[in-house]
Amino acid sequence: MKLCGGYDIKMAGRPAVEIESPVEPKELFLPRFSCRFRFSELCIGDGQHVRRGQVLARDPGNHGVPLLAPRDGTAHLDLEKEHIVLRGLSANPPEALETPEAPAHISRELGSVGMKRYKLLTLGAWQYMFTAHNGALPDPFGSPQAVLVSTLRLDPFLARGDIQMKTMLSNFTRGLEQLQSLLEYQPIYLVLPKVATAFAEQVREAVRGYAYIKPVQVPLRYPFDHFKILAKALGLSHDDEHPTWALRVGGILAMDRSLTMSLPCDTKVISIGGSGAIAPTHLTVMPGYPIKELLSARIAAGPVRIINGGALTGQAIGPEQLGIDVECAGLTLLSEHVNREFLGFVRPGSDRRSYSRCFLSALRRPMPERMTTAVRGERRPCVACGFCEEVCPVGIMPHLLHKLIYQNDLDAVERARLDLCIACGLCSFVCPSKIALGEEFRQTAETIRQEHQN
Amino acid sequence: MKILTQLFNQARSHFAEGGLFCRLHPLFAATENFFFAPSARTMNAPFVRDPLDVKRFMSTVIIALVPVLAVSLYCFGLRVLAMIAVSYAVGGMVEVLFAIVRKEEINEGFLVTGLLFPLILPPGLPLWMVGVGVAFGVLVGKELFGGTGRNLFNPALVGRVFLGIAYPVAMSGNWLIPGSWPYGRIFQYASSTTVDAVTTATPLGLAKQGQFAGTFDLFVGLVPGSVGETSAAAILLGGILLLLTRVASWRIVVATLGSFLALETLLFYVLPTPIPPPQWQLLAGGILFGTFFMATDPVTSPATGPAKWAYGIIIGVTVGMIRHLTGYVEGVMFAILLGNIVAPILDEITISLRLRRLRNEK
Ligand code: SF4
Ligand code: SF4
């Protein structure tokens, strides 16, 4: 297996390995938009009482994935702020739901497998599934060529898979068996940081005979856990008919919950980490949990940037988002850059870690660094140092793309394969000239996409 | 520090758009950001950034030059400082002027150019020539191309070539003999008019006439030559630092020195006239200094890996050929300039090869 580029960024503020449960919230703010989903088709009315597990809205663009009510309560449509608010909550224990009848053509064509997949969709477990090649939601009734199960999470501060796997091992192995029952002959690749450990052996022992699992070892180096990179390294080429499915530990646990217990998947493990977090940790929360309450005792003093997702790929959350969205894997809190260091660039720098070895820290063991939102330098023209090319995990040339974009030569940009970029952000991270390469690439990709549409 | 912060805060409005000195804003920004880390924050993912910036990158080169500076001060005296001061003053002025005209930021690059330039000059050169040379180098070698990052040639080398053509006698006739134990010339201000201290030939020049200087003398630097090029030991010290910090590309260094040594070994056995052995050649002249500090300049060297190898080999081989197959004594300068010319072509080739490979990628 060949993996190139990558760089392991070590940052202080790693979430602890315990999984905490926060107190029951009084209200829930369910955002109707997340990274992949837009729950635009409302299924309830304003002021309507809803039961736990009831469908609040659907995303018609994504096979109708549902937004489920995580609690009993009264729904308020806060359309302006794009949330569905649940008030007057009661924390009834979850009940196993009647399995809804799958549409006739599905049960006819796919039999019991089709029913199971339909159940995943309706109980909110299918949302955890990705197409490895482009990250989109795959067709639940399609036929994959293989399934990737990743236990890694390398973007700093997202909920770690290994912790969820270890605390809920029996659920995890059962989930793997459920996954196998959805497939015919396709292999399941279980991506682990180390294959030859007692724990990995334990997992394989537990599912032996029930699931055909191929363990795959991947070094802990960002962004080797990216599905597209994993698929490529495993030689799974992209095929629209037979895509590669990919999911993480949370997805396997959701399969177990929905298929074994027939429960709606309305909780998930997220993380809170970063330099602006007090006691970074993992939490079991439900979608819609108010962000303000969640962070009240966990956010450090002073200005802090709240990021939905990891420090390298996430999105800043403004005050308009009130609750955790369905896809959230963690909140990263970064202290804003306020203190301007005096003569910073001549300091020996034993406390800062760099891709280059221009700081004294190169002489000591890698240590986590406390990072803020500082750009840490001035924007300069590209000095052609080549660092961006070295770290790029897909083998394209960011400095070349930058030059071509500057010249506004979009044809050449396409020929330089901007489409291969997975937006990992490493090139922007290492660039000493502080060029916002990643952002530039995102915008250009968008421009190119629009041009193709016209 | 507090006082300084206040000072900057008070002055800021004068340099802002519409202020009294708004044209001088680049100068203000450069000074401010010299003392205090810039206040910019990340707006998009990735929200964190590596601590390395161009300032640090360039100051690492300057730190790597400290051993060389120390030895040259010892060997050639206080005048070296005067040369550096002139080079910085004139070079800095040109840089600031262009930044103001172009309304761009002042680039750190001139801090390196301004220091490298005097180090490749003969130690006794009149100060006004230093000024003329650096002005030409920065102006023609860099600013006309659009400033740091866009220049084709190493500005210091452009300045040096200009001086070599305009004032050939001053540039090659008078070489200061290094001071001797124990104080060297640390307390002297010796120029080329100090008659008794001057020779007409460097070790490489003498070698052409069949006289070989001692290898040890070459290693520590007790030979006449350009200000910073004489002491192989000091250059290696700085060069290793550059390699360890990844500021200099190891590919270029290995390719240049490797191909140079290979060619020298070949010529040593093949040439009819006796020439010094390869290790002697490596220590003499500007090959080490040029390789570590000039050829590895990221802007004027190729950006892609394979092109770096080819670039290094071209430089190494050219140096050897000029030294032995032409009338010139030393060829490092021309070799690197040649490398600079072909660098974009080499890049072009590797890029097109790589694009061809990428084309079928899924
Ligand atoms: S963001 Fe794109 S171009 Fe930059 S390193 Fe990642 S994959 Fe490569
Ligand atoms: S990291 Fe930045 S400065 Fe270096 S080659 Fe890439 S774009 Fe240029």
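Quick notes on the rules
Along each chain, numbering runs from 1 in the same order as the chain's sequence is written. Each chain is given a letter, starting from A, and each ligand a number, starting from 1, according to the order in which they appear as written. With pLDDT at 70 or above as the cut-off, local features in this predicted model cover only qualifying residues; side-chain atom pairs require 80 or more to be listed or tallied, and sums for whole chains, interfaces and linings still use all residues. For the side-chain quantities, the full set of heavy atoms in the structure was used; hydrogens and water were omitted. The helix count covers DSSP runs of H or I at least four residues long, the strand count covers runs of E at least two residues long, and both are numbered beginning at the N terminus. Computation of the radius of gyration draws on C-alpha atoms, with the globule rule given as 2.2 Å multiplied by the number of residues to the power 0.38. Under the scheme applied here, a residue whose accessible area is under 20% of the maximum for its type counts as buried, over 50% as exposed, and between as partly exposed, the area being computed with a 1.4 Å probe on protein chains only. Here a residue-residue contact requires only that any non-hydrogen atoms of the pair lie within 4.5 Å. Within this scheme the basic residues Lys and Arg register as positive and the acidic residues Asp and Glu register as negative, but His and the chain ends are omitted. One atom stands in for each charge, and that atom is NZ of Lys, CZ of Arg, CG of Asp or CD of Glu. The rule for a residue being near a molecule or strand is that one of its heavy atoms must lie within 4 Å of it. Gly is placed with the polar residues, together with every amino acid not listed as nonpolar (Ala, Val, Leu, Ile, Met, Phe, Trp, Tyr, Cys and Pro) or charged (Asp, Glu, Lys and Arg). Where each domain starts and ends follows an automatic or database-derived domain assignment. A 1.4 Å probe defines the accessible area here, and the buried area is the portion of it lost by two parts on being joined, summed over both. Following DSSP output, two strands are said to pair if at least two bridges run between them. Handedness is read with the strands pointing away from the viewer; a crossover is right-handed when the path from the first strand over the helix to the second is clockwise. Distance thresholds for patches are 9 Å for like charges and 5 Å for nonpolar side chains (Val, Leu, Ile, Met, Phe, Trp, Tyr), applied to residues having over 30% relative accessible area and no salt bridge. All accessibility values rest on the Shrake-Rupley procedure with a 1.4 Å probe; residue burial counts only the protein chains present in the view. Any Lys or Arg side-chain nitrogen found within 4 Å of a carboxyl oxygen on Asp or Glu counts as a salt bridge. Nonpolar core, defined: a set of buried Ala, Val, Leu, Ile, Met, Phe, Trp, Tyr and Cys residues in which side-chain atoms within 4.5 Å join the residues together. Identification of polar contacts relies on pairs of N or O atoms within 3.5 Å, with a donor-acceptor requirement for protein atoms, meaning one able to donate a hydrogen and the other able to accept it, and with residues adjacent in sequence counted only if both atoms are side-chain atoms.

Describing the overall build of chain B
Here is step 1: The helix and strand inventory of chain B stands at 17 helices and 2 strands.
Here is step 2: The C-alpha atoms of chain B give 22 Å as radius of gyration, which agrees with the globular expectation for 362 residues (21 Å, within 12%).
Here is step 3: With respect to the three principal axes, the spread of C-alpha positions in chain B is 70 × 65 × 35 Å.
Here is step 4: Burial analysis of chain B (362 residues in total) assigns 54% to the buried set.
Here is step 5: The contacts in chain B between residues at least 6 apart in sequence include a share of 74% that link residues at least 24 apart.
Here is step 6: Chain B carries 24 positive and 18 negative side-chain charges, and their two centres are separated by 5 Å.

Topic: the site of ligand 1
Here is step 1: The full set of residues close to ligand 1 is Cys392, Pro393, Val394, Ile396, Pro398, Cys421, Ile422, Ala423, Cys424, Gly425, Cys427 and Phe441 of chain A.
Here is step 2: Of the residues belonging to the shell around ligand 1, the class tally is 11 nonpolar, 1 polar and no charged.

Topic: the domain arrangement of chain A
Residue and element names in this part refer to chain A.
Here is step 1: What the domain assignment reports for chain A is domain 1 (104-260) and domain 2 (375-453).
Here is step 2: Computed over C-alpha atoms, the centres of domain 1 and domain 2 are 31 Å apart.
Here is step 3: Taken together, the 6 residues of domain 1 in the interface contact 7 residues of domain 2.
Here is step 4: Here domain 1 and domain 2 share an interface that buries about 540 Å² over both sides, 67% of which is from carbon and sulfur atoms.

Examining the sheet that holds strand 2 (residues 28-31) of chain A
All names here are of chain A.
Here is step 1: Taken together, 4 strands build an open sheet; the order of strands is 2-8-7-4 and the sheet is antiparallel. Among the strands making up the open sheet, the edge pair consists of strand 2 and strand 4 (49-50).
Here is step 2: As paired elements, strand 7 (residues 72-78) and strand 8 (residues 83-90) share 6 bridges and run antiparallel to each other. Each residue of the ladder has a partner; that of Asp78, found in strand 8, is His83.

Focus on unusual backbone geometry
Residues and elements named next belong to chain A.
Here is step 1: Here Tyr222 and Pro223 are connected by a cis peptide whose omega angle stands at -5°.
Here is step 2: Structurally, Pro223 can be placed in the loop between strand 12 (213-217) and helix 5 (227-233).
Here is step 3: The backbone of Ala279 sits at a positive phi, close to 50°, despite the residue not being glycine.
Here is step 4: Checked against the element boundaries, Ala279 lands in the loop between strand 14 (268-273) and strand 15 (281-285).
Here is step 5: For Ala279, a relative accessible area of 56% translates into the label exposed.
Here is step 6: Phi is positive for Asn408, close to 60°, though the residue is something other than glycine.
Here is step 7: In this fold, Asn408 is placed in the loop between helix 9 (398-406) and helix 10 (410-415).
Here is step 8: Residue classification places Asn408 among the exposed positions, given a relative accessible area of 58%.

Digging into the pairing of strand 12 of chain A
All names here are of chain A.
Here is step 1: Judged from the 5 bridges that link them, strand 11 (residues 188-192) and strand 12 form a sheet pairing that is parallel. Bridging from a neighbouring strand, Ile188 pairs with Ile213 of strand 12.
Here is step 2: Between strand 11 and its parallel partner strand 12, the chain crosses via helix 4 (residues 198-207), and the hand of that crossover is right-handed.

What to know about the environment of Glu101 of chain A
All names here are of chain A.
Here is step 1: Its location among the elements puts Glu101 in the loop between strand 8 and helix 1 (104-122).
Here is step 2: For Glu101, a relative accessible area of 63% translates into the label exposed.
Here is step 3: For the pair formed by Glu101 and His282, sequence separation is 181 residues and the distance between their alpha carbons is 36 Å.

Points about a negative patch on the surface
Here is step 1: On the surface, Asp409, Asp411, Glu414 and Glu451 of chain A cluster together into a negatively charged patch.
Here is step 2: Within the secondary structure, Glu451 of chain A is located in helix 12 (residues 437-453).

A closer look at the nonpolar core
Here is step 1: Phe289 and Phe293 of chain B are the most contacted members of the largest nonpolar core, which has 140 residues in total.
Here is step 2: Those residues in contact with Phe293 of chain B that lie beyond four places of it in its chain are Val61, Ala64, Leu65, Leu116, Ile235, Gly238, Gly239 and Leu242 of chain B.
Here is step 3: Grouped together as the second largest cluster of nonpolar side chains are 67 residues, Leu28, Leu86, Leu89 and Ala254 of chain A included.

Notes on the domain arrangement of chain B
All names here are of chain B.
Here is step 1: According to the domain assignment, chain B consists of domain 1 (2-35), domain 2 (64-200) and domain 3 (249-362).
Here is step 2: For domain 1 versus domain 2, the distance between C-alpha centres works out to 30 Å.
Here is step 3: Residue-level contacts link 5 residues of domain 1 with 6 residues of domain 2.
Here is step 4: At the boundary of domain 1 with domain 2, total buried surface from both sides reaches about 440 Å², with 78% on carbon and sulfur atoms.
Here is step 5: Of all residues in domain 1, the largest losses of buried area upon contact with domain 2 belong to Arg23, Pro26 and Leu27, amounting jointly to 77% of the total for that side.
Here is step 6: Grouping the constituent residues of the side of domain 1 that touches domain 2 by class yields 4 nonpolar, no polar and 1 charged.

Considering the interface of chain B and chain A
Here is step 1: At the interface, 55 residues of chain B touch 70 residues of chain A.
Here is step 2: When the two sides are added together, the surface that chain B and chain A hide from each other amounts to roughly 5,800 Å², 57% of it contributed by carbon and sulfur.
Here is step 3: Taken as a group, Phe47, Arg49 and Arg56 of chain B account for 14% of the area that chain B buries against chain A, more than any other trio of residues on that side.
Here is step 4: Where chain B packs against chain A, one counts 6 salt bridges.
Here is step 5: The partner of Arg380 of chain A in a salt bridge is Glu108 of chain B, with the nearest N and O atoms 2.8 Å apart.
Here is step 6: The interface formed by chain B and chain A holds 25 residue pairs in polar contact (both at pLDDT 80 or more) in total.
Here is step 7: At the level of secondary structure, the elements contributing two or more residues to the side of chain B that touches chain A comprise helix 1 (2-15), helix 2 (25-35), helix 3 (54-64) and helix 17 (332-359) of chain B.
Here is step 8: Here the residues of the side of chain B that touches chain A are counted per class, giving 26 nonpolar, 12 polar and 17 charged.

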